[in-house]
Amino acid sequence: GIPRPDIHLYYHGSMNEPAGWDLREVVRSHRVESNLHFSNRLRSTVGVPDQELCQIYNCFDAFILPTAAEGFGLPILEAMSCGRPVIVTGYSAHMEWTQGCGTYLEYEPYVEMNLNCTRALPRMEGMIRACLAYADNPGRRKAEGDAGRRVALSMNWDRYAKDFENLFDELVAEPSDKRFKVERV
């Protein structure tokens with residue numbers, strides 16, 4: 001692709017982490033060396049203080065997390081709380097609460113043999129298209145960022161903890177023969 005001097009990508013992570021693709025090769029093949037910035041101080045075991053992390057999120061127009069698998073997706077929620085639209089893999093738990101707040105990346109499923117589980121390998125072309133779409137449409141970027149902020153503000157850890165507590169209480173109170181009924185065919 002043709003370099004866009006108006007688009008910059010900040011990579012907050014380790015180049016040595018397996019991401020499903022060779023990041024150095026991706027940078028070279030898309031000719032974006034001058035548009036890519038790395039966190040020089042980041043160590044994967046330390047990260048950065050919350051206040052600095054908030055400042056980092058607020059420096060950018062969109063947040064990208066092309067993850068192979070994500071649990072809850074706290075970094076996604078953090079970006080949304082800063083009013084950033086999210087570009088995330090269309091796979092995993094975050095899809096339950098990110099609808100309308102960004103773009104889902106298509107992916108290729110693969111099985112991680114040592115864990116015997118399915119993962120997602122996000123398609124790079126979709127990530128590039130999403131970045132260009134946000135760069136070229138500030139109205140969309142703002143609308144989806146605002147929607148994400150509303151979702152983030154609606155999250156309440158105390159309420160979720162109580163919901164889980166109630167669920168566990170219901171499961172314990174229910175007779176075991178009703179919880180795990182197996183029908184023979």
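Coordinates for the structure precede this section.
Residues numbered from 1 in each chain as written. Predicted model: local features only at pLDDT ≥ 70, side-chain atom pairs only at ≥ 80, totals over all residues. Heavy atoms only, no water.

(A) Spotlight on the packing of helix H4 (residues 124–136) against helix H5 (residues 138–154). Where H4 meets H5, the axes come as close as 5 Å, and the angle between the chain directions of the two elements is 100°. Taken together, the axis directions place H4 and H5 in an arrangement best described as roughly perpendicular. Contact residues: Ala133, Tyr134, Ala135 and Asp136 in H4; Pro138, Arg140, Arg141 and Glu144 in H5. Considered class by class, the residues forming the contact of H4 with H5 number four nonpolar, no polar and four charged. (Axes fitted to C-alpha atoms, helices over the stretch in contact; angles between N-to-C directions. Helix = DSSP H or I, 4+ residues; strand = E, 2+ residues; numbered from the N terminus. Parallel < 35°, antiparallel > 145°, perpendicular 65-115°, else oblique. Contact = heavy atoms within 4.5 Å. Nonpolar A, V, L, I, M, F, W, Y, C, P; charged D, E, K, R; others polar.)

(B) Highlighting the pattern of salt bridges. Under the defined criterion, the tally for this structure stands at seven salt bridges. Taking the shortest distance from any N to any O, the salt bridge between Glu106 and Arg123 comes out at 2.7 Å. With Glu106 in the loop between strand E5 (102–105) and strand E6 (107–112) and Arg123 in the loop between strand E7 (117–122) and H4, the pair connects residues that are 17 residues apart, well separated along the chain. With a relative accessible area of 30%, Arg123 lands in the partly exposed category. Because the salt bridges share partners, they merge into one network encompassing Glu106, Glu108 and Arg123. (Salt bridge = Lys/Arg side-chain N within 4 Å of Asp/Glu carboxyl O. Buried < 20%, exposed > 50% of the residue type's maximum accessible area, 1.4 Å probe, protein only.)

(C) Up close: the side chain of Glu144. As for its position among the elements, Glu144 is in helix H5. Using a relative accessible area of 14% as the deciding quantity, one classes Glu144 as buried.

(D) The arrangement of the environment of Arg149 in detail. Relative to the elements of secondary structure, Arg149 occurs in helix H5. Distance from Arg149 to Cys101, taken between C-alpha atoms, is 8.5 Å for residues 48 residues apart in sequence.

(E) Geometry of a nonpolar patch on the surface. Together, Phe164, Leu167, Phe168 and Leu171 give the surface a local cluster of nonpolar side chains, amounting to about 390 Å² of exposed area. For Phe164, the location among the structural elements is in helix H6 (residues 157–173). For Phe164, a relative accessible area of 51% corresponds to the exposed category. (Patch = residues over 30% accessible without salt bridge, like charges linked within 9 Å, V, L, I, M, F, W, Y side chains within 5 Å. Areas by Shrake-Rupley, 256 points an atom, 1.4 Å probe, with all protein chains shown as cover.)

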